[in-house]
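Chain and residue survey
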Amino acid sequence: MTQPVRVHPIVSPWGRFGLYSFYIDSPEPAIVDTGIASSPADGMAPALEAIGRRIEDVRWIFLTHGHIDHIGGAHALWELTGRQAKVVIHRADAPMLRSRQAHVDEYLAGRGQYLNDPDGASRVGAAAESVISGEMEPGLLVQGGETISLGGGVTVSVHSVPGHTPGSVAYVIDGQNDAFVGDAVQVHGAANGFPGFADPAAYRASLKFLRDEIRPRHLYLGHPYRGADGEPFGVELDEAQARRALGESIEVESRVSDAACRCIEAGLETTTSTYSPFAAAAHHLGYSGDPALEPSPFFTTLHGYRTQFLNRDLLTNNEETLTHG
Ligand SMILES: [Zn+2]
Ligand SMILES: [Zn+2]
């Protein structure tokens with residue numbers, strides 16, 4: 001590879017928010033993440049036209065994970081390429097691309113248990129219906145460790161960075177260390193002001209892997225996450241900003257871990273608090289955001305620590321049985 005590959009951030013409107021995708025300007029062009037159903041036509045097509053590129057020429061659709069605001073536009077974008085583009089997703093998140101119902105199931109298995117919202121599941125189902133452009137079978141399933149050629153000597157390597165979701169991946173342009181990580185690096189979270197991750201131990205390990213092994217020269221994020229000073233990072237970070245975002249994300253996780261473990265060890269208490277049964281953790285962290293605001297990172301994350309705690313308990317009990325039994 002002689003020339004550096006150019007990356008163009010694309011923002012597609014969604015209510016008050018923008019959804020971010022990235023165009024990799026390689027011989028076989030790629031788009032990382034696809035927003036929602038309307039994003040390819042409303043956001044990507046005009047943005048590409050403005051830089052003299054055509055959406056129908058896109059050959060790779062790289063999905064960082066299975067959440068609706070990242071995979072929602074995949075089917076529509078695939079259609080706009082004349083079904084020529086290959087849709088890439090991690091094996092573990094592929095069910096979210098194949099089925100709208102998987103999003104309802106994920107809700108019910110996690111945050112839905114705490115929200116006391118009888119309409120919650122049907123609301124998630126309705127959202128999946130309207131913002132996911134189509135259920136589809138991925139063109140390429142990955143699990144980390146793959147290298148994908150984009151022509152002209154440009155290659156992208158795929159790394160597994162689970163935690164935010166089981167199948168979160170980082171796509172890294174080889175040679176220039178540009179890393180696209182979707183929501184795998186949360187800092188203080190986005191609009192909710194709380195970082196969301198389903199598996200805390202995996203999230204922490206992935207952050208350290210990105211900081212110590214990948215060491216991105218540019219880090220491309222799924223949302224403008226807030227930093228320690230309350231100011232949002234952009235979605236396109238240089239090397240120094242990337243180090244800071246990764247370092248702060250690790251610090252935030254350890255603070256949340258501390259609060260969560262104290263709260264869970266003391267025994268969860270069901271109260272009338274909207275943070276119930278994790279009110280003590282919210283208090284300890286000084287978190288006053290609305291925990292019910294979808295996608296409810298507060299409950300997703302606290303449920304993750306709870307599951308981790310239960311599994312550890314189970315493990316210890318098994319060891320005791322083995323020793324004494
Ligand atoms: Zn996400
Ligand atoms: Zn997201």
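Residues numbered from 1 in each chain as written. Chains lettered and ligands numbered in written order. Predicted model: local features only at pLDDT ≥ 70, side-chain atom pairs only at ≥ 80, totals over all residues. Heavy atoms only, no water.

What about the overall build of the protein chain?
As a reminder, the rule being used: A helix here means a DSSP run of H or I that spans at least four residues, while a strand means a run of E at least two residues long, and both kinds are numbered starting from the N terminus. Values of the radius of gyration come from C-alpha atoms, whereas the globule rule sets the reference at 2.2 Å times the count of residues to the power 0.38. Note on areas: these come from Shrake-Rupley sampling with a 1.4 Å probe, and a residue is covered only by the protein chains present in the view.
In terms of regular secondary structure, the protein chain is built from ten helices and twelve strands. In terms of overall size, the protein chain behaves like a compact globule, its C-alpha atoms giving a radius of gyration of 20 Å where 325 residues would be expected to give roughly 20 Å. Overall, the protein chain is about 60 × 45 × 40 Å in size when its C-alpha atoms are taken along their principal axes. Of the roughly 14500 Å² that the protein chain leaves accessible, carbon and sulfur atoms contribute 51%.

Concerning the packing of aromatic side chains
Let me state the cut-off plainly: Think of it this way: a Phe, Tyr or Trp ring, Trp meaning its six-membered ring, pairs with another when their centres are within 6.5 Å, and the plane angle makes it stacked under 30 degrees, edge-to-face over 60, tilted otherwise. Only protein chains enter the accessibility calculation, which uses a 1.4 Å probe; a residue is then buried when its area is under 20% of its type maximum, exposed when over 50%, and partly exposed in between.
Tallying each qualifying case throughout the model produces 17 aromatic pairs. Taking the centre distance of 5.4 Å and the plane angle of 10° together, the rings of tyrosine 114 and phenylalanine 299 count as stacked. Residue tyrosine 114 is located in the loop between helix 5 (101–109) and helix 6 (120–131), and its partner phenylalanine 299 is located in helix 10 (residues 297–324); the two are separated by 185 residues in the primary sequence. We classify tyrosine 114 as buried; its relative accessible area is 7%. Judged by relative accessible area, which is 1%, phenylalanine 299 ranks as buried. Taken together, Tyr114, Phe194, Tyr275, Phe278, Tyr287, Phe298 and Phe299 form an aromatic cluster joined through their ring pairs.

Examining the environment of glutamine 113
For clarity, the cut-off: Contacts between residues were defined by any pair of non-hydrogen atoms, one from each residue, lying within 4.5 Å. Throughout this description, a polar contact denotes any pair of N or O atoms lying within 3.5 Å of each other; where both atoms belong to protein, one of them has to be capable of donating a hydrogen while the other can accept it, and for residues adjacent in sequence the pair is counted only when both atoms sit in side chains.
By the element assignment, glutamine 113 lies in the loop between helix 5 and helix 6. Contacts of glutamine 113, omitting those with residues within four sequence positions, involve Tyr107, Leu108 and His303. Here the side chain of glutamine 113 touches alanine 109 through a polar contact of 2.5 Å, landing on its backbone oxygen.

Focus: helix 1 (residues 39–50)
Applicable threshold: How far a helix is expected to stretch is found by multiplying one less than its residue total by 1.5 Å. This arc corresponds to the set of directions leading from the helix axis out to the C-beta atoms.
Between the first and last C-alpha of helix 1 there are 16 Å, a value that for twelve residues agrees with the 16 Å anticipated at 1.5 Å per step. For helix 1, the complete set of buried residues consists of Ser39, Pro40, Gly43, Met44 and Leu48. Down the axis, helix 1 shows its buried residues gathered within 115° of arc, on one side only. Among the exposed residues of helix 1, those oriented more than 90 degrees off its buried face are Asp42, Glu49 and Ala50. Lining the buried residues of helix 1 we find strand 1 (6–14), strand 2 (17–25), strand 3 (30–32) and helix 3 (74–80). In the stretch just after helix 1, glycine 52 is the one whose phi turns positive, near 75°.

Observations regarding the side chain of serine 26
Inspection of the secondary structure assignment puts serine 26 in the loop between strand 2 and strand 3. A residue is classified by how much of its surface remains accessible, and serine 26, at 6% relative accessible area, is buried. Side-chain polar atoms of serine 26 contact the backbone oxygen of glutamate 28, separated by 3.0 Å. Beyond its immediate chain neighbours, meaning those up to four positions away, serine 26 contacts Val5, Leu150 and Val154.

A few points about the packing of helix 5 against helix 6
Inclusion rule: Note on definitions: angles span 0 to 180 degrees between N-to-C directions of axes, and those axes are lines fitted to C-alpha atoms, for helices only across the stretch in contact. In these notes the angle categories are as follows: under 35 degrees is roughly parallel, over 145 is roughly antiparallel, 65 to 115 is roughly perpendicular, and the rest is oblique. Whether a crossing is left-handed or right-handed is set by the direction in which the near helix is turned from the far one by less than a right angle, anticlockwise for left-handed and clockwise for right-handed. The nonpolar class holds Ala, Val, Leu, Ile, Met, Phe, Trp, Tyr, Cys and Pro. Asp, Glu, Lys and Arg form the charged class, and all remaining residues, Gly among them, are polar.
Close contact between helix 5 and helix 6 brings their axes to 9 Å; oriented N to C, the two are set at 150°. Here helix 6 runs roughly antiparallel to helix 5, going by the angle between their axes. Regarding helix 5 and helix 6, the two cross each other, and that crossing is right-handed. Contact with helix 5, carried on its side by His103, Val104, Tyr107 and Leu108, involves Gly120, Ala121, Val124, Gly125 and Ala128 of helix 6 and no other residues of that element. Taken together, the residues of the contact of helix 5 with helix 6 sort by class into six nonpolar, three polar and no charged.

Notes on the confidence of the model for the protein chain
Close inspection of predicted coordinates is inappropriate in any region flagged by low pLDDT. The cut-off we apply is this: pLDDT: the predictor's confidence for each residue, scored from 0 to 100.
Summing up the model confidence of the protein chain, the mean pLDDT is 95 and the portion of residues at 70 or higher is 98%. Model confidence for the protein chain, summarised as mean pLDDT per element, is weakest for helix 10 at 84 and strongest for strand 4 (residues 60–62) at 99.

Concerning the side chain of threonine 64
Within the fold, threonine 64 resides in the loop between strand 4 and helix 2 (68–71). At 2.8 Å, the side chain of threonine 64 forms a polar contact with the side chain of aspartate 33. A polar atom in the side chain of threonine 64 sits 3.0 Å from the side chain of histidine 65.

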